[in-house]
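Inside the fold
Residue-level listing of the chains:
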Amino acid sequence: MSSLGSGPIKERPSGVMLYALSAQQFSGRLSFEQGGRSYWIDFNLGSIVDAHSPDTSDSLAKLALRSGLATKTHIGAFIGARKAKPDADEGELLAEAAKLEPAQVTGLRRLRVAQCAARTFALEEGHFECNAGTPDDRAGVITTEWVIFNGLKRNYSRDRLLREMAPIGNEKICLGNSADLGSFAFSHEEAPVLEALKTPLTIRELAEKTGVDHRLLQQRLADGEQGSALKLYQAF
C-alpha cells in the first residue's frame, strides 16, 4: 500500500474522510490510532468491505451474545476453541460453538464491520493514516452513509457536533425531493426533519419549524445527503 496522507484526527474527522473516500471510489485502508489502540476501515472501489476495532463490545462473540444468538456457555466454548486454534476463522469457531446457521454468521460479520467502522467516530485526539491499495472483487458490507449517520449519532457529543457544524450554522440546507436517503437507514424519528428539509432552511429555522432542539438536529443533519454533507465535508 502507498500512503496518501496522515495527521491529527481533529484535522480530518472520520465523517470527512469516509464521505470523500467513498465518493472518490477509493481502495485501501483508513487507519486510526488513539491511546495506543488501533482501528481501521478497508475500502474497495469506494465501498466499506471490512473494519476493525479493539473494543471487545464490537467482537463477534459480544454481538452474538447481545443479539441472543449465543449464551454465555456458548461463548465459553468459543473462547476455549480460539485458544486451541488461534489461527482458525473466528466466525467458523463461533458457529460451531453456538450452532449458528451460515446466514446468522454472515449477519454478525456485517454488524461487526458496521459497528467497528462507526466506532472510529468516537476518536478525537489520535492520528489517522490513509493508504491506497489495489482494487479487488470484494463487495461492500455496509453503506458509508449508514456508518456516517450512526457514527455521529452514537459517538459524537453535542459540543463536538455544534463545533464542527458551526461553519454552516447560518446557511440554508435543502435535500429537495429527489435525494436518495435509503442507505442512511433513518428511523421514524428523523421523518419530520427530512420532510421539512424539502425546502431551504437554516438549522435554527428547521428547529423552529419542527419543534426539535437545534442541538439535537446536529445528529440528524451532519450527514444529510446532497445538502449539508457537501457543505460539511470538504474533499479529502
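Residues numbered from 1 in each chain as written. Predicted model: local features only at pLDDT ≥ 70, side-chain atom pairs only at ≥ 80, totals over all residues. Heavy atoms only, no water.

**Looking at the environment of Gly-133**
Note the cut-off: Elements are defined by DSSP. Helices are runs of H or I of four residues or more, strands are runs of E of two residues or more, and each kind is numbered from the N terminus. Whether a residue is buried, partly exposed or exposed follows from its accessible area with a 1.4 Å probe, protein chains only, as a fraction of its type maximum: under 20%, in between, or over 50%, in that order.
Following the sequence through the fold, Gly-133 ends up in the loop between β5 (127-132) and α6 (144-155). Note on Gly-133: relative accessible area 28%, which makes it partly exposed.

**Overview of the packing of helix α3 (residues 72-84) against helix α4 (residues 90-98)**
Stated precisely, the cut-off is as follows: Angles run from 0 to 180 degrees between N-to-C directions of axes, and those axes are lines fitted to C-alpha atoms, restricted for helices to the stretch in contact. If an angle is under 35 degrees, it is roughly parallel; if it is over 145, roughly antiparallel; if it lies from 65 to 115, roughly perpendicular; otherwise it is oblique. Definitions for this section: a left-handed crossing has its near helix turned counterclockwise from the far helix by less than a right angle. A right-handed crossing has that turn clockwise. The contact criterion used is simple: two residues touch if any of their non-hydrogen atoms lie within 4.5 Å. Any residue outside Ala, Val, Leu, Ile, Met, Phe, Trp, Tyr, Cys, Pro, Asp, Glu, Lys and Arg is labelled polar, Gly included; the first ten of those are nonpolar and the last four are charged.
Axis separation between α3 and α4 bottoms out at 8 Å; the angle between their running directions is 135 degrees. As far as their axial angle goes, α4 and α3 are oblique. Two packed elements cross with a definite hand, and for α3 against α4 that hand is right-handed. Residues His-74, Ile-75, Ala-77, Phe-78, Ala-81 and Arg-82 of α3 pack against Glu-90, Leu-93, Leu-94, Ala-97 and Ala-98 of α4. A class-by-class count of the residues in the contact of α3 with α4 yields eight nonpolar, one polar and two charged.

**What about the pairing of β5?**
For clarity, the cut-off: Think of it this way: DSSP has to see at least two bridges between two strands before they count as a pair.
Across six bridges, the pairing between strand β1 (residues 2-8) and β5 is antiparallel. If you follow Pro-8 over to β5, its bridge partner there is His-127. Both strand β2 (residues 28-34) and β5 contribute to a ladder of six bridges, which runs antiparallel. By the bridge assignment for β5, Ser-31 is matched with Glu-129.

**Description of unusual backbone geometry**
At Leu-45, a position not held by glycine, the phi torsion is positive, near 50 degrees. Looking at where Leu-45 falls in the secondary structure, it is placed in the loop between β3 (37-44) and β4 (47-52). Under the relative-accessibility criterion, Leu-45 is labelled partly exposed at 41%. The backbone of Lys-99 shows a phi angle near 55 degrees, a positive value even though the residue is not glycine. By relative accessible area, which is 66% here, Lys-99 ends up exposed.

**Section: the sheet that holds β3**
Taken together, five strands build an open sheet; the order of strands is β1-β5-β2-β3-β4 and the sheet is antiparallel. Each having just a single partner strand, β1 and β4 make up the two edges of the open sheet. In this sheet, adjacent strand axes meet at a mean angle of 15 degrees when their direction is disregarded. Each of β2, β3, β4 and β5 is contacted by helix α1 (residues 14-23), which is oriented at about 175 degrees to β2, the strand it contacts most.

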